[in-house]
Amino acid sequence: MSITPRPPIPSLIPESAPFTPEQRTWLNGLFAGMISLDESVTPLSNAEAAKLLPDVVLAAAEDDGAPWHNPAMPLPDRMKLAEGKPLPLRMMAAMAQQDCSQCGYNCKDYADALFTKKELRLNLCVPGGKDTARMLKNLYAELGVPQPAGPAETAPAPAVSARGRSRDNPAIATFVSRRRLNKEGSAKETWHIEFDLADSGLDYVVGDSFGIYPMNDAVLVDAVIAALEAPADFPIGGRTLREVLIDGVSLSPAPDMLFQFISYLTGGDRKQKAKALADGQDPDGDAATLDVLAALQKFPGIRPDPEAFIEALDPLQPRVYSISSSLKCNPGRVSLTVDAVRYQVEKRTRLGVASTFLASRVKPGDKIKVYVQKAQHFALPADPNKPIIMIGPGTGLAPFRAFLQERQATGAPGPNWLYFGHQRSDYDFFYEDELKEMRKTGLLTRLTLAWSRDGKDKIYVQHRIRDDGRDLWDWISRGAHIYVCGDALRMAKDVERALIDVVAEHGKRSPEDAARYVAELKKNDRYQADIY
Ligand SMILES: Cc1cc2nc3c(=O)[nH]c(=O)nc-3n(C[C@H](O)[C@H](O)[C@H](O)COP(=O)(O)OP(=O)(O)OC[C@H]3O[C@@H](n4cnc5c(N)ncnc54)[C@H](O)[C@@H]3O)c2cc1C
Ligand SMILES: NC(=O)c1ccc[n+]([C@@H]2O[C@H](COP(=O)([O-])OP(=O)(O)OC[C@H]3O[C@@H](n4cnc5c(N)ncnc54)[C@H](OP(=O)(O)O)[C@@H]3O)[C@@H](O)[C@H]2O)c1
């Protein structure tokens, strides 16, 4: 059989795009892969390939020396892009790129703090999870200093911020109430949560997020204690084992260190398996489902020393939530809009620790450790006359409820357009009465809804955005500020793509120019995102 040589793939990245030679090579390779990896697929035409260019041009236009700064890009691709870069940049590429502030920094500052050893905790990137922690551990080795190991070394630096203004110096707030936002029969479980800030001395502005120190589920804690075959009141640092398990350590996922610890306590095949798991391998294909309880159940009978066991776990981290209220309408109060994370692994229901703490465990009157996480580049326009376009499916609605309350309380004359979407209109229309009332009073100039499971076709907010292209372009031309909030992995990227298409079609621009236009909106803080 003769093999026809494949024609060379032309460079698809415009010479004018501001890439380094390595980035250009990598991106051309990526495109080449997209276009012709699969021999059975007809290669893309130049026109089709050109359609893909805006994403690349957008990345280039936004490139601040970190082209991997894209939460939808998988970790191996990010690390590839960062190859050959100085260590702090490679550390940054290991982060989840959401700039979500859960670690107390943005991605770049967290990396810089690790590099300069101002920060010793390698496991603060919640959305990056174990993959990020592992990669950071490898990169940290290049510093040629010992890895920060146990809790003593990973303890937070002394607090420098005012109380309640950072994760390292929380304040105390009182939990007031929860109210379910979906109707009975919904597939989702989303809650309107209220806290009283009166005793905390805290305030906030719309756009900020609220950090919560959660507690683990007592039923899970008791199951862990039973699997350890240890007494619940075993003393650990002046507290009991049960108390430490409730609020001191993370019970999901099982950290590498726990498997390493287990490998010391066992022998033969079990030892090899535990070692492999500690190295990030997946000998039985179940690694992704192993929380701390499942790890103990996988290696029954090891009966570890409870104190050493606790040392092998990660500290329990706070979670942040977009604030869904304005202080001007709710003095002394803060509200959140929280989707309860529950999912099934075999017979056991797994619980998202913070969301189910808020959704079912915390009781009215309970005092909780909290802090306000200041928003970076997520705020209403300083000029109250500016139109705003808010795109927030699901819990992404949260900050926009706050924005609308604020615009109402301040009598801001600028028009307000909200895109909200969720699964089913009959069950998942959060704050329906409020939003309809705002429509009636004219505060909400336009309300556009996208229900993904009402009909046979999925309708998402980006479909509505494309339908409304002409009017959207009109608002954008009049100086509208655009906001997007919610899912970082897919929705935010799809929405951005739709906006580029709108600018191209109605602003009569080439796809590349439309991408540059949107990148420029971002640079000028006229397109802001709060995504997770
Ligand atoms: C800036 C910002 C604002 C946010 N605002 C909001 C908000 O307004 N409302 C809101 O609800 N959340 C919001 N979040 C997300 C929130 O911080 C938490 O990440 C979320 O509540 C889950 O935390 P948890 O502790 O309940 O779950 P965790 O204990 O952290 O568990 C979540 C993990 O469980 C796993 N998982 C989840 N579902 C499944 C599944 N079906 N199958 C298998 N594994 C699964 C995944 O590994 C996931 O990472 C925001 C996040 C950020 C960064
Ligand atoms: N890990 C995941 O796969 C995943 C997925 C979604 C959300 N989340 C997380 O779950 C939490 C809460 O989610 P949530 O309650 O805010 O709602 P959500 O689950 O994000 O869903 C809100 C709405 O967005 C739709 N949607 C799904 N994919 C979309 C896309 N690419 N573009 C636009 N819309 C899309 C959903 O439709 P359908 O559900 O009908 O597709 C639904 O109608 C967040 O922390 C979020 O990050 C995780």
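The rules behind the values
- Residues numbered from 1 in each chain as written.
- Chains lettered and ligands numbered in written order.
- Predicted model: local features only at pLDDT ≥ 70, side-chain atom pairs only at ≥ 80, totals over all residues.
- Heavy atoms only, no water.
- Near = heavy atom within 4 Å.
- Polar contact = N/O pair within 3.5 Å; in protein donor to acceptor, adjacent residues only side chain to side chain.
- Areas by Shrake-Rupley, 256 points an atom, 1.4 Å probe, with all protein chains shown as cover.
- Helix = DSSP H or I, 4+ residues; strand = E, 2+ residues; numbered from the N terminus.
- Nonpolar A, V, L, I, M, F, W, Y, C, P; charged D, E, K, R; others polar.
- Buried < 20%, exposed > 50% of the residue type's maximum accessible area, 1.4 Å probe, protein only.
- Contact = heavy atoms within 4.5 Å.
- Core = buried A, V, L, I, M, F, W, Y, C linked by side-chain atoms within 4.5 Å.

Q: Teacher, can you tell me more about the site of ligand 1 here?
A: Residues in close proximity to ligand 1 total 20 residues, the closest being V320, Y321, T337, A354 and S355. Within the contact set of ligand 1, a nitrogen atom lies 2.8 Å away from a backbone nitrogen or oxygen of T337. The separation between an oxygen atom of ligand 1 and a polar side-chain atom of Y343 is 3.5 Å. Across the complex, the protein chains shield 68% of the 980 Å² of accessible surface that ligand 1 would expose by itself. Counting only elements with at least two residues in the shell around ligand 1, the list comes to β6 (319–322), β7 (333–339) and α14 (353–361). In terms of residues, the shell around ligand 1 owes the most to one element, β6, which gives four residues. Looking at side-chain class alone, the shell around ligand 1 contains 10 nonpolar, seven polar and three charged residues.

Q: Teacher, can you tell me more about the side chain of Q405 here?
A: Examined against the element boundaries, Q405 turns out to sit in helix α15 (residues 398–409). Overall, the relative accessible area of 7% leaves Q405 in the buried class. Those residues within four positions of Q405 in sequence are excluded, and the remaining contacts are S325, S326, C329 and N330.

Q: Sorry, what's going on with the site of ligand 2 here?
A: Not every one of the 17 residues close to ligand 2 is listed here, only the nearest: T395, S452, R453, K458 and Y460. In the environment of ligand 2, an oxygen atom lies 2.7 Å from a nitrogen or oxygen atom belonging to the side chain of S452. Here an oxygen atom of ligand 2 and a side-chain polar atom of R453 are 2.7 Å apart. For ligand 2, whose free accessible area comes to 860 Å², the fraction covered by protein is 75%. Across the shell around ligand 2, the residue classes break down as four nonpolar, six polar and seven charged.

Q: So what exactly am I meant to see when it comes to the nonpolar core here?
A: One broad trend across soluble globular proteins is that nonpolar side chains are buried collectively. Core analysis: the biggest nonpolar cluster contains 33 residues, and L245, L251, L258, F259 and F309 have the highest contact counts within it. At the level of elements, α8 (218–228), α9 (241–247), α10 (256–265), α11 (268–278), α12 (292–298) and α13 (306–311) are the ones that each hand at least two residues to this core. Each residue touching L258, except ones within four places of it in the same chain, is listed here: V292, A295, F309, A312 and L313. Counting 28 residues, the second-largest nonpolar core is a separate cluster that includes A450, V484, L499 and V518.

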